[in-house]
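What the coordinates show
Below, each chain spelled out in residue letters.
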Amino acid sequence: MTVTEALETRISVRDFLPTPVPLEVIRRVLATASRSPSGGNLQPWHIDVVAGAKLDELKAIMQRRLAEVAAGDRSEQPEYDIYPKELVSPYRDYRFKIGEDMYARLGIPREDKAARLRWFARNYQFFGAPMALFCSVDRRMGPPQWSDLGMFLQSVMLLLREEGLDSCPQECWSVYPQTIGRFIGLPAERMLFCGMSIGHANPEHPVNRLVSQRADLSQFATFHGV
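Each chain has its residues counted from 1, running along the sequence as written. In keeping with the predicted nature of the model, local features appear solely for residues at pLDDT of at least 70, side-chain atom pairs appear and are counted solely at 80 or more, and the whole-chain, interface and lining totals rest on all residues. Working from all heavy atoms in the structure, the side-chain values ignore hydrogens and water.

**A look at the pairing of strand β5 (residues 190–201)**
- In terms of residue burial, β5 counts as a mostly covered element, since 10 of its 12 residues are buried.
- With 2 bridges connecting them, strand β1 (residues 16–17) and β5 associate as antiparallel partners. For F16, the partnering residue across the bridge sits in β5 and is A201.
- One requirement defines pairing of two strands: DSSP has to find at least two bridges between them. The way it works is that DSSP assigns letters per residue, a run of H or I at least four long becomes a helix, a run of E at least two long becomes a strand, and they are numbered from the N terminus. Pairing geometry for strand β3 (residues 131–138) and β5, over 8 bridges, is antiparallel. Within β5, the residue paired with M131 across the bridge is I198.
- Sheet topology places strand β4 (residues 166–170) next to β5; 5 bridges connect them, and they run antiparallel. Directly across from S167, in β5, lies its bridge partner I198. Only protein chains enter the accessibility calculation, which uses a 1.4 Å probe. A residue is then buried if its area is under 20% of the maximum for its type, exposed if over 50%, and partly exposed in between.

**Quick word on the environment of Q77**
- Relative to the helices and strands, Q77 is located in the loop between α3 (52–70) and α4 (91–106).
- On the accessibility criterion, Q77 (47% relative accessible area) is partly exposed.
- Measuring from C-alpha to C-alpha, the distance between Q77 and D56 comes to 24 Å, with 21 residues separating the pair along the chain.
- Excluding residues within four positions of it along the chain, Q77 makes contact with V175 and P177.
- Within 3.5 Å is the distance limit for a polar contact, defined as a pair of N or O atoms, with the added protein rule that one can donate a hydrogen and the other accept it, and that residues adjacent in sequence qualify only through two side-chain atoms. At a separation of 3.1 Å, a polar atom in the side chain of Q77 contacts the main-chain carbonyl oxygen of R74. Residue contacts are defined here by distance: any two heavy atoms, one from each residue, within 4.5 Å place the two residues in contact.

**So, the environment of Y124**
- Along the chain, Y124 turns up in the loop between α5 (113–121) and β3.
- Of the residues examined, Y124 reaches a relative accessible area of 4% and is grouped as buried.
- If we ignore the near neighbours within four places in the chain, the residues touching Y124 are K59, M62, L66, C172, W173, V175 and Y176.

**Quick word on helix α2 (residues 23–33)**
- Restricting attention to buried positions, one finds in α2 the residues V25, I26, V29, L30 and A33. Along the long axis of α2, the arc covered by the buried residues comes to 125°, so they all point the same way. Projecting away from the buried face of α2 at angles above 90 degrees are the exposed residues L23, E24 and R27.
- Buried-residue contacts for α2 involve β2 (46–51), β3, α6 (143–162) and β5. The directions considered for the arc are those from the helix axis to the C-beta atoms.

**Some thoughts on the packing of aromatic side chains**
- Each Phe, Tyr or Trp ring, with Trp reduced to its six-membered ring, pairs with another whose centre is within 6.5 Å; inter-plane angles below 30 degrees give stacked pairs, above 60 give edge-to-face pairs, and intermediate values give tilted ones. Considering all chains together, one arrives at 11 aromatic pairs under this definition.
- Taken together, a centroid distance of 5.0 Å and an interplanar angle of 85° make the contact between Y124 and W173 edge-to-face. Taken together, the residues Y124 in the loop between α5 and β3 and W173 in the loop between β4 and α7 (177–184) connect sequence positions 49 residues apart.
- Among the aromatic residues, ring-to-ring pairing joins F120, Y124, F126, F134, W173 and Y176 into one connected group.

**Things to note about unusual backbone geometry**
- For the bond running from S89 to P90, omega is 10°, close enough to zero to count as cis.
- Within the element layout of this structure, P90 appears in the loop between α3 and α4.
- Despite not being glycine, N41 has its phi angle at roughly 55°, a positive value.
- Tracing the backbone through its elements, the reader meets N41 in the loop between α2 and β2.
- Judged by relative accessible area, N41 falls into the exposed class, the value being 53%.
- Although it is not a glycine, F127 adopts a positive phi angle of roughly 55°.
- Considering the arrangement of structural elements, one finds F127 in the loop between α5 and β3.
- Accessibility expressed as a relative area gives 1% for F127, which makes it buried.

**Re the packing of α2 against α6**
- Their axes nearest at 9 Å, the elements α2 and α6 cross at an angle of 135°. When the axis of α2 is compared with that of α6, the two are oblique. Crossing of α2 against α6: the hand is right-handed. Across the interface between the two elements, I26, V29, L30, T32 and A33 from α2 touch F152, S155, V156, L159 and L160 from α6.
- In this count, Pro and Cys sit with the nonpolar residues alongside Ala, Val, Leu, Ile, Met, Phe, Trp and Tyr, while Asp, Glu, Lys and Arg are called charged and the others, Gly among them, polar. Taken together, the residues that form the contact of α2 with α6 break down as 8 nonpolar, 2 polar and no charged. Interaxial angle, 0 to 180 degrees, is taken between N-to-C directions of lines fitted to C-alpha atoms, where a helix line uses only the stretch in contact. Throughout this description, any angle smaller than 35 degrees is read as roughly parallel, any larger than 145 degrees as roughly antiparallel, any in the 65 to 115 degree range as roughly perpendicular, and the remainder as oblique. Two helices cross in a left-handed way if the nearer one is turned anticlockwise from the farther one by less than a right angle. They cross in a right-handed way if the turn is clockwise.

In structure tokens, the structure reads:
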């Protein structure tokens, strides 16, 4: 598989088959992804992989945690804003469209808030994926090192495609940093950045046929002297 093919076939999968992911595959992917660039070669990423009985345990924990939140528990807060508080056009438009396109494929109308919340809660079951990872970073690191995390995670997702696997990066896990931190034994000096579901996409589920639209090159690239 070429890099182009990996990029063009990578999507955020939201329904997985239960087929296990071999340990040697994820070890190989992570080791290769460590060649990702980072400023000053700081390599600021820290990865926790969860599968098997531990993943089942975490899913049960999250079911209880979501029930507590639904009952009014607001004791846990995210440690960073996933999106800017004032999301302006065109970024707001991009986000709105992908959300509406996804729910249209699922047949969930905008006014059915309860159904949309139930679907979103599937994030915390990893969409049925048999493996997950969490990425964290030292709190002393700044925005440049957070961009390094993105490059590492992109490498992971492309390498997974090379292995015939799929993924879904999930910043929604940052909403529960204490719950996840306790579960994976995250030291106090590290901040949870995101999670990722890993496995084989269910080809029969309509949500996995969603392909997000991307802006035309002319909308984001300016060429000087060429």
